[in-house]
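What follows is each chain in one-letter form.
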Amino acid sequence: MSNGQAHSSDERAALLIEAARHLQQGEYEIDLPISAGNDELGQLASALRDLSQSLKTRDEEFQRIDQITTRINEGLLLDDVLENVYDDFRELIPYDRIGFALIDDGGQTVTARWAKSSYHPLELRRGFSAPLAGSTLAAILETREPRILNDLRAYLDAKPSSESTRLIVEEGIQSSLTCPLVADGTAVGFIFFSSRQPYTYDQIHVDVFQRIAARLSIIVEKGRLASELAAQNRAVERQNQELTRLNELKNTFLGIAAHDLRSPLGVIQMALNFLMDFHDSLSVSERDTILQDAEAQVLSMLNMIDELLDITQIEAGEMELVKGTIDLADFLVEAVADHNRMAASKGSYVVLDDLPTGTIEGDPFRLRQVIDNLLSNAVKFSPPGATVRVWAEPQPDAWRINVQDEGPGVSEEDRKRLFQNFARLSARPTGGERSTGLGLAITRRLVEQHNGTIDVESLSGGGAIFWFTLPRKAA
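Residues numbered from 1 in each chain as written. Predicted model: local features only at pLDDT ≥ 70, side-chain atom pairs only at ≥ 80, totals over all residues. Heavy atoms only, no water.

**Focus: the overall build of the chain**
Within the chain, the regular secondary structure consists of 13 helices and 13 strands. Within the chain, the fraction of its 475 residues that count as buried is 41%. Accessible surface, the chain: about 26,000 Å² in total, of which carbon and sulfur atoms supply 52%. (Helix = DSSP H or I, 4+ residues; strand = E, 2+ residues; numbered from the N terminus. Buried < 20%, exposed > 50% of the residue type's maximum accessible area, 1.4 Å probe, protein only. Areas by Shrake-Rupley, 256 points an atom, 1.4 Å probe, with all protein chains shown as cover.)

Next comes the structure, spelled out in structure tokens:
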């Protein structure tokens, strides 16, 4: 209505009632009669006009909150949800930092779960936790209302024992708004809006944040549950992958048992049948030769079975080391002497170049497996009449033990598979010796269990040096 148009009191009252009904229905564009005087109806008209503008502003604000929270809710996992909060809420709340904490341990602890800021570094980081009981956060949960601290430095002076406040102040934060997150009546955590300016939240309407917190509680809880479910799914997937790998390993074991053990068993059976059928016609020397061949086949099978059992123990994490102090010189002398006897059948030699002076700490039985495997491989892949050299080099914190053969060397393709389970290389033993392809895989794991490393160097003129390191025994 225009200012110049007059209305009776009854007409003005009817218009005011109609305007109030429009406001009640959410219609904020109302036409109010304006009185030239300052009577009660004129004052009421002025109040309705102010209320209309206030409600319109508040409704637009709530609609914006609805739009933003709907967009945030599009995030599936918790980190996605919180990233959306950080990106979108700046339209509603001023902040330099947003943090999120979960209530866990059955409601006993508050743990920092996520934080993002416009500055670096963050002092209050993920994983920081504190008891909930007796804290100011517990008081916030009781009221279910946001808490505003406009001067965090003064708050820290009053509560110097608050470690979380000290850390946040060290980041330069001076004011904060803490919103409790309660989903379906259960407290799930807190979201913290923080500013590097004091009194940032002094004029903020608490009811706006109560509405925000109510929306965020449900969204954040949904994201948390989705994240937990995703983590469980990943764990199940890893378990499935491990079970698949172990099943494949089992099938490989069975394949080796069926294939590689069948041949020596056949030789033993033939030898026994021959002895039973022709025992009386054979000389003592002939019988001894047959029995020695059968014994060699038995030893070969026992070695295969030991390797299969070892790799099974290692894969299951059940191999335990019994460590002690080992004199390195005695250790190498004994190993070289034993392998010299075996190398003699091929006319080969195993030579220890220099006698080291020092001790190592380890499991003597398992370390003997390591050196035995490298020495037997060196003899196995070297031609008859070859010389296998062994020497030890002192390093600052370790000993490096080297075994050099005169074999064909190691190709780049073989090197990639060299220390893997059941690795069959292009080079073949020169005496037809058998192998499960597990020896070097077991050797690598045993060396690593002793905190050492193992590798190979292929020599340009032929041959290779297999070496491994073992930490020195502390004085």
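**Considerations on the pattern of salt bridges**
All chains considered together, the criterion is met by 14 salt bridges. In this structure, R113 and D79 form a salt bridge, with 3.0 Å as the shortest nitrogen-oxygen distance. One end of the pair, R113, is in strand 2 (residues 109-117); the other, D79, is in helix 3 (residues 78-88), and 34 residues separate them in sequence. For the salt bridge of R341 with D338, the shortest nitrogen-to-oxygen distance reads 2.3 Å. Taken as a pair, R341 and D338 lie in helix 10 (residues 328-343) at a separation of three residues, close to a single helical turn. Through salt bridges with shared partners, a single network forms among E334, D338, R341, R368 and D372. (Salt bridge = Lys/Arg side-chain N within 4 Å of Asp/Glu carboxyl O.)

**Here's the deal with the packing of aromatic side chains**
Going through the model one piece at a time under the given rule, you end up with four aromatic pairs. Seen in terms of ring centroids, Y95 and F193 are 5.8 Å apart; in terms of plane orientation they differ by 50 degrees. Their pairing is tilted. With Y95 in the loop between helix 3 and strand 1 (97-104) and F193 in strand 6 (residues 186-195), this residue pair connects regions lying 98 residues apart in the sequence. For Y95, a relative accessible area of 4% corresponds to the buried category. Exposure remark for F193: the relative accessible area of 0% places this residue in the buried category. Here F274 and F278 contribute two aromatic rings whose centre-to-centre distance is 4.9 Å and whose plane-to-plane angle is 45 degrees, an arrangement assigned as tilted. Taken as a pair, F274 and F278 lie in helix 8 (residues 262-278) at a separation of four residues, close to a single helical turn. The class for F278 is partly exposed, based on a relative accessible area of 41%. These aromatic residues form a ring-pair network of at least three members: Y86, Y95 and F193. Over the aromatic face of Y119 sits the side chain of R196, whose NZ or CZ is 4.2 Å from the ring centroid. The ring of W399 has R472 lying over it, and the distance from NZ or CZ to the ring centre is 4.9 Å. (Phe/Tyr/Trp six-rings, centres within 6.5 Å; stacked < 30°, edge-to-face > 60°. Lys NZ or Arg CZ within 6 Å of the ring centre and 35° of its normal.)

**With respect to the sheet that holds strand 2**
Strands sit in the order 3-2-1-6-5-4 across an open sheet of six strands; the sheet is antiparallel. Edge positions in the open sheet fall to strand 3 (129-131) and strand 4 (147-149), since each of these has one partner strand only. Between one strand axis and the next, the sheet turns through 20 degrees on average, direction left out of account. Direction of pairing for strand 2 relative to strand 3: antiparallel, over a ladder of three bridges. Within strand 3, the position partnered with T111 by the bridge is S129. Packed on one face of the sheet, helix 3 meets strand 1, strand 2 and strand 6 and runs near 55 degrees to strand 2. Together, strand 1, strand 2, strand 4, strand 5 (175-183) and strand 6 form the strand contacts of helix 4 (residues 136-143), whose direction differs from that of strand 6 by roughly 115 degrees. (Pairing = 2+ DSSP bridges. Axes fitted to C-alpha atoms, helices over the stretch in contact; angles between N-to-C directions. Contact = heavy atoms within 4.5 Å.)

**Quick word on the environment of G127**
Relative to the helices and strands, G127 resides in the loop between strand 2 and strand 3. Overall, G127 belongs to the partly exposed group, its relative accessible area being 48%. Put simply, G127 and A101 are 26 residues apart on the chain and 9.3 Å apart in space, counted from C-alpha to C-alpha. If we ignore the near neighbours within four places in the chain, the residues touching G127 are T111 and A112.

**Brief notes about the side chain of N402**
Examined against the element boundaries, N402 turns out to sit in strand 11 (residues 398-404). Of the polar contacts made by the side chain of N402, one reaches the side chain of E393; its length is 3.0 Å. In this structure, N402 is in contact with R389, V390, W391, E393, I465, F466 and W467, ignoring residues within four places of it in sequence. (Polar contact = N/O pair within 3.5 Å; in protein donor to acceptor, adjacent residues only side chain to side chain.)

**Overview of unusual backbone geometry**
The omega torsion of the bond from H120 to P121 falls at -5 degrees, within 30 degrees of zero and hence cis. Residue position: P121 is located in the loop between strand 2 and strand 3. With phi around 60 degrees, Y199 is a residue other than glycine that occupies positive phi space. Inspection of the secondary structure puts Y199 in the loop between strand 6 and helix 7 (206-259). Not every positive phi belongs to a glycine, and N451 is a case in point at roughly 60 degrees. Looking at the element boundaries, N451 is found in the loop between helix 13 (439-449) and strand 12 (454-458). In this structure N451 comes out as exposed when scored by relative accessible area, which is 62%.

**Brief notes about helix 11 (residues 364-381)**
Over its 18 residues, helix 11 runs 26 Å from end to end, which matches the ideal 26 Å to within 8%, given 1.5 Å per residue. With 13 of 18 residues buried, helix 11 is to be regarded as a mostly interior element. Among the residues of helix 11, the N-terminal cap falls to D363, whose side-chain oxygen and the backbone nitrogen of F365 are separated by 3.0 Å. (Expected span 1.5 Å × (residues − 1).)

**Describing the environment of P121**
Residue classification places P121 among the partly exposed residues on the basis of a relative accessible area of 46%. Spatially, the C-alpha atoms of P121 and E171 are 7.5 Å apart, while their sequence positions differ by 50 residues.

**Some words on the nonpolar core**
Grouped together as the largest cluster of nonpolar side chains are 41 residues, with contacts concentrated most on L332, I371, F466 and F468. Looking at this core element by element, the count peaks at seven residues for helix 11. Residue contacts for I371: discarding those within four places in its chain leaves F331, L332, A335, I401, V403 and F468. Core analysis: the second largest hydrophobic core is formed by 26 residues, Y95, I98, Y201 and I212 among them. (Core = buried A, V, L, I, M, F, W, Y, C linked by side-chain atoms within 4.5 Å.)

**So, a nonpolar patch on the surface**
A surface patch of nonpolar side chains, amounting to about 250 Å² of accessible area, comprises V298, L299 and L302. The residue L299 is located in helix 9 (residues 284-315) in this model. The class of L299 is exposed, set by a relative accessible area of 51%. (Patch = residues over 30% accessible without salt bridge, like charges linked within 9 Å, V, L, I, M, F, W, Y side chains within 5 Å.)

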